[in-house]
Amino acid sequence: MTAVRIVVALKQVPDLVEELEPSPEGTDVDREYITFVLNEFDDQALEEALLVKEATGAEVVVVALEDSDVDQTLYTALAKGADRAVKVTGAGASGGWLDTHSRAALLAAWLEGQDFDLLITGVQAPDDLDGQLPAIVAGRLGLPHASVVVSVEVKDGAARIRQEFSAGRSAVLEVPLPAVVGVQAARQAPRYAPISRIRQTMQAGGIEEVAVEAPPPASGFTIRRLYPPEKTSHAEMLTGSAGDVAARIVELLRAKGLVRA
Amino acid sequence: MANDVLVVAEHLAGKLTDTTFELLGKAVQLAGASGGQAVALLLGAPELAGELGAADLVITCDHPALAHFTAEAYEAAVAAVLAERQPRLVLLSTTTAGLDLAGSLSVAWDAPLVSYVVGLDADGDTVVATAQIYGGKMLAEVAVESVRTICAVTAGSFPAAAGRRDNPAAAVEAFAGPPSLDAVRSTFVELVEPDAGDVDITAADLLVSVGRGIGSRDNLELVEELAGALGAPLAASRPVTDLGWLPKTRQVGKSGLKVKPRAYLAFGISGAPEHLEGMSGAELIIACNTDARAPIFDVAHYGTTLDLFDLVPELSQQVGA
């Protein structure tokens, strides 16, 4: 039996740790000064794929659309153990927000020429205003799919996955390959790649570039405006030393009868 | 039909979800304003139709493939119903089932999709949706000019009470499952219930909750000590349970548990919408986070930007650990 081939789709997103401001047009965030990082759910997806690789000898191919700082993300994925890295160019060149349907169209255009068994990607991204990538790509490719997945095991041409619902419940499903999986969390925390190894992969190069013709925007809606939510309330901030603040908190809890001492 | 608003009902372990009623209440309002019907689509579990009395019409579809949720089977059934009825608007939740269905239906039914919707209105022929983006740090007002639209709504955005009605639905129609249901490739194996042996955080009066800010598993000891001193169970936000530092039974939020304690102490939790959904109903919320702009402070009653590593030991000492 040939090795299972897993494609992991990665995406750069604004780092939410930073302050985001609306752009001057008011329909996007101001992208000039923000840092872009790998979508954290995609990092989980990559980890789960690498775990499947370790268990089965699968081949892992990471793919990303051309985006801010995406090379760094692809080299890091290689350093973590991905076998190949592909950058889809010719899209998102505007540098602005690209809707998920367009991303899915670009990815599907590349995937259609590929032989793969599993597409694993993050269950969601912080900017998927028009829906999440896994289900949209699966819809385009006509493949079975599952989102909010917390483990993937591959055996005998099928994936046994665990899909999480609310209140700690989850369902075990068996899905024939090829299939698309949206990962919420990998079975273990995403691994780190040592800087030295990332440097090595960068020096070796090895990102394959593939040009795909950019489709027209496909979300089917117009963003009228993007704005920070109006704060309806804000906490009363407690200031002073740790001792002072702790005393206030104890007092608040005592008023509710939650501290006896 | 042309002005109908259709809700895909969700149920798990024999119970309709709260979000189903939230969507139904909104559907009744929107359909009423446009002269259409509020339609609830119930897949599997036809015995639950009686609880969907707020709808003008309940469509049931029963088939062995719908006994348990799989994206493939649900999608086949919903797509067949949409193709026949062509509603104006379809409402789903951003739950697991909603995340699975919304995207693939938007492709199958060729309809624009807006996700993480928190506000929804019709402006003539235009659907105007307000949606959360960037972890709730921004809102996007989106206009959809289409004869068909799908919205995936964030839980808690609309009151569930508006969708609960004791009377039976005006009409219940059975929809014959499409042939595609016989060809579903995904199979349900089993439902895994949470570990019943662990403490029930939904029953606690006081919760000490910890987020990514705790930094490492070893640091948990610090908050465990405080929780012990207060006689409160330790809860957590998603990153902490995803990392396996605490069991899933301790997770507060959309994908975890909804809690409503008398007091909730949040340490190192930034307050992603996923988390806020599970705890914003607590009577008293006190949050500690070094980022003064963290969204947790918008729902907290009291807050501090002290480092949790300074505050927590002090608290433990003062409550007598």
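The rules behind these values
- Throughout this document, residue positions are counted from 1 along each chain, in the order its sequence is written.
- A letter from A marks each chain and a number from 1 marks each ligand, given out in the order of writing.
- Restriction of local features to residues with pLDDT of at least 70 applies here, the model being predicted, together with a cutoff of 80 or more for giving and counting side-chain atom pairs; totals for whole chains, interfaces and linings are based on all residues.
- Note that water and hydrogens are dropped before the side-chain values are worked out from all heavy atoms of the structure.
- Runs of E in the DSSP output that reach at least two residues are strands. Runs of H or I that reach at least four are helices, and both are numbered from the N terminus.
- Per-residue accessibility, obtained with a 1.4 Å probe over protein chains only, is compared with the maximum for each type, and a residue is labelled buried under 20%, exposed over 50%, and partly exposed between these values.
- Throughout, a contact is declared for two residues whenever any of their heavy atoms are within 4.5 Å.
- Each accessible area is a Shrake-Rupley estimate made with a 1.4 Å probe; only the visible protein chains count as cover when residues are assessed.
- For a compact globule the rule gives 2.2 Å times the number of residues to the power 0.38, and the radius of gyration it is set against comes from C-alpha atoms.
- Counted as positive: Lys and Arg. Counted as negative: Asp and Glu. His and the chain ends are not counted at all.
- For the purpose of locating charges, the reference atoms are NZ of Lys, CZ of Arg, CG of Asp and CD of Glu.
- Here the quantity called buried area is the accessible surface, traced with a 1.4 Å probe, that two parts lose on coming together, added over both.
- By definition here, a salt bridge exists when the distance from a side-chain nitrogen of Lys or Arg to a carboxyl oxygen of Asp or Glu is within 4 Å.
- If DSSP finds at least two bridges between two strands, the strands pair.
- Domain start and stop positions are those given by an automatic or database domain assignment.
- To define axes, lines are fitted to C-alpha atoms, for helices over the stretch in contact only, and angles between the resulting N-to-C directions are given on a 0 to 180 degree scale.
- In this scheme, roughly parallel covers angles under 35 degrees and roughly antiparallel covers those over 145, while 65 to 115 is roughly perpendicular and the rest are oblique.
- In this scheme the handedness of a crossing depends on how the near helix is turned from the far one: anticlockwise by less than a right angle means left-handed, clockwise means right-handed.
- Classification used: nonpolar for Ala, Val, Leu, Ile, Met, Phe, Trp, Tyr, Cys and Pro, charged for Asp, Glu, Lys and Arg, polar for all others including Gly.
- Here the aromatic set is Phe, Tyr and Trp, taking the six-membered ring for Trp, and pairing holds for ring centres within 6.5 Å; pairs whose planes are under 30 degrees apart are stacked, those over 60 apart are edge-to-face, and all others are tilted.
- In this description, a nonpolar core means a group of buried Ala, Val, Leu, Ile, Met, Phe, Trp, Tyr and Cys residues linked to one another through side-chain atoms lying within 4.5 Å.

Right, let's get into the overall build of chain A. For chain A, the count of helices and strands is six helices and 13 strands. Counting only C-alpha atoms and orienting by the principal axes, one finds that chain A spans roughly 65 × 45 × 40 Å. Evaluated residue by residue, chain A yields a buried proportion of 56% over its 261 residues. Taking the intrachain contacts of chain A between residues at least 6 apart in sequence as the baseline, contacts between residues at least 24 apart amount to 72%. Summing over all exposed atoms, chain A offers an accessible surface of approximately 11100 Å²; the carbon and sulfur share of this is 48%.

For the rest of this paragraph, the subject is the overall build of chain B. Check the secondary structure of chain B and you find eight helices and 17 strands. Scaling as 2.2 N^0.38, a compact globule of 321 residues should have a C-alpha radius of gyration of about 20 Å, and chain B matches this with 22 Å. In terms of principal-axis extent, the alpha carbons of chain B reach across some 65 × 45 × 35 Å. Considering only contacts in chain B between residues 6 or more positions apart, those separated by 24 or more positions represent 62%. For chain B, the exposed surface amounts to about 11600 Å²; the carbon and sulfur share of it is 50%. Mean positive and mean negative side-chain charge positions of chain B (19 and 40 charges, respectively) differ by 2 Å.

The partner chain A presents 89 residues to the 81 residues of chain B that form the contact. In this assembly, chain B packs against chain A so that about 7300 Å² is buried in total across both faces, 59% of it on carbon and sulfur atoms. Looking only at chain B, the three residues that lose the most surface to chain A are B:Tyr134, B:Met138 and B:Glu141, adding up to 11% of its buried area. At the junction of chain B with chain A, the criterion picks out eight salt bridges. By the bridge criterion, five bridges tie strand E12 (residues 222-227) of chain A to strand E9 (residues 138-144) of chain B in an arrangement that is antiparallel. Bridged to A:Thr222 within E9(B) is B:Ala143.

When its domains are assigned, chain B resolves into domain 1 (5-183) and domain 2 (201-318). Domain 1 of chain B and domain 2 of chain B are separated by 33 Å when their C-alpha centres are compared.

This part takes up the packing of helix H4 (residues 220-230) of chain B against helix H8 (residues 308-318) of chain B. All names here are of chain B. Following both chains from N to C, one finds H4 and H8 inclined at 30 degrees, their axes separated by 9 Å at the closest point. In terms of orientation, H4 lies roughly parallel with respect to H8. For the element pair H4 and H8, the recorded crossing hand is left-handed. Counted together, Leu-222, Val-223, Glu-225 and Leu-226 of H4 and Leu-308, Phe-309, Val-312, Pro-313, Leu-315 and Ser-316 of H8 form the full contact between these two elements. Taken together, the residues that form the contact of H4 with H8 break down as eight nonpolar, one polar and one charged.

Attention now moves to unusual backbone geometry. Note the cis peptide between A:Leu177 and A:Pro178, where omega equals 0 degrees. Along the chain, A:Pro178 falls in the loop between strand E9 (170-176) and strand E10 (179-183).

So, about the side chain of B:Thr70. Structurally, B:Thr70 is set in the loop between strand E5 (57-61) and helix H2 (71-85). Apart from the residues lying within four places of it in its own chain, the contact partners of B:Thr70 are A:Leu173, B:Val184, B:Ser186 and B:Phe188.

What follows deals with the side chain of A:Glu164. Looking at the secondary structure, you find A:Glu164 in strand E8 (residues 158-164). Judged by its relative accessible area of 6%, A:Glu164 is buried. Non-local contacts of A:Glu164, meaning those with residues more than four positions away in its chain, are made with A:Val148, A:Val150, A:Arg169, A:Ser170, B:Thr96, B:Lys248 and B:Ser255.

So, on to the sheet that holds strand E5 (residues 84-89) of chain A. Within the open sheet, the 10 strands sit side by side as E11(A)-E5(A)-E4(A)-E1(A)-E6(A)-E10(A)-E7(A)-E8(A)-E9(A)-E12(B). Their pairing is mixed. Every other strand in the sheet has two partners, leaving strand E11 (207-211) of chain A together with strand E12 (187-192) of chain B as the edge strands with one partner each. Averaged over all pairs of adjacent strands, the angle between strand axes in this sheet comes to 30 degrees, irrespective of strand direction. Taken together, the five bridges between E9(A) and E12(B) define a ladder with antiparallel strand orientation. In the strand pairing of E12(B), A:Ser170 is matched with B:Val192.

For the structure on display, the rule yields two aromatic pairs over all chains. Aromatic pair A:Phe165 and B:Phe69: ring centres 6.0 Å apart, planes at 85 degrees, arrangement edge-to-face. Of this pair, A:Phe165 sits in the loop between E8 and E9 while B:Phe69 sits in the loop between E5 and H2, each in a different chain. Here A:Phe165 and B:Phe69 have matching classes, each one buried. Note on B:Phe69 and B:Tyr74: the rings are 4.8 Å apart at their centroids and 65 degrees apart in plane angle, and the pair reads as edge-to-face. According to the relative accessible area criterion, B:Phe69 is buried, its value standing at 12%. According to the relative accessible area criterion, B:Tyr74 is buried, its value standing at 3%. Site record: aromatic cluster; members linked through ring pairs are A:Phe165, B:Phe69 and B:Tyr74.

Residues and elements named next belong to chain A. Its place among the elements puts Ser-151 in strand E7 (residues 145-155). Exposure remark for Ser-151: the relative accessible area of 11% places this residue in the buried category. Expressed as a C-alpha distance, the spacing of Ser-151 and Gln-188, which sit 37 residues apart in the sequence, is 9.5 Å. Discounting chain neighbours no more than four positions away, the residues touching Ser-151 are Glu-48, Arg-160, Ile-161, Arg-162 and Arg-187.

Glancing now at the nonpolar core. Judged by nonpolar contacts, the single largest core of 48 residues is most densely connected at A:Leu129, B:Leu52, B:Leu91, B:Val114 and B:Leu120. With six residues, the top contributor of residues to this core is helix H1 (residues 18-34) of chain B. Ignoring sequence-local partners within four residues, the contact set of B:Leu91 consists of B:Val5, B:Leu6, B:Val7, B:Val8, B:Leu23, B:Lys26, B:Ala27, B:Leu120 and B:Cys151.

Now for the environment of B:Ser237. Residues and elements named next belong to chain B. The topology assignment puts Ser-237 in the loop between strand E14 (234-236) and helix H5 (238-242). Looking at Ser-237, the relative accessible area reads 6%, which means it is buried. Residues Ser-237 and Ser-209, 28 residues apart in the sequence, show an inter-C-alpha distance of 7.3 Å. Sequence-distant contacts of Ser-237, that is, excluding residues within four places in its chain, are made with Ser-209, Val-210, Gly-211, Arg-212, Gln-251, Val-252, Ile-269 and His-275.

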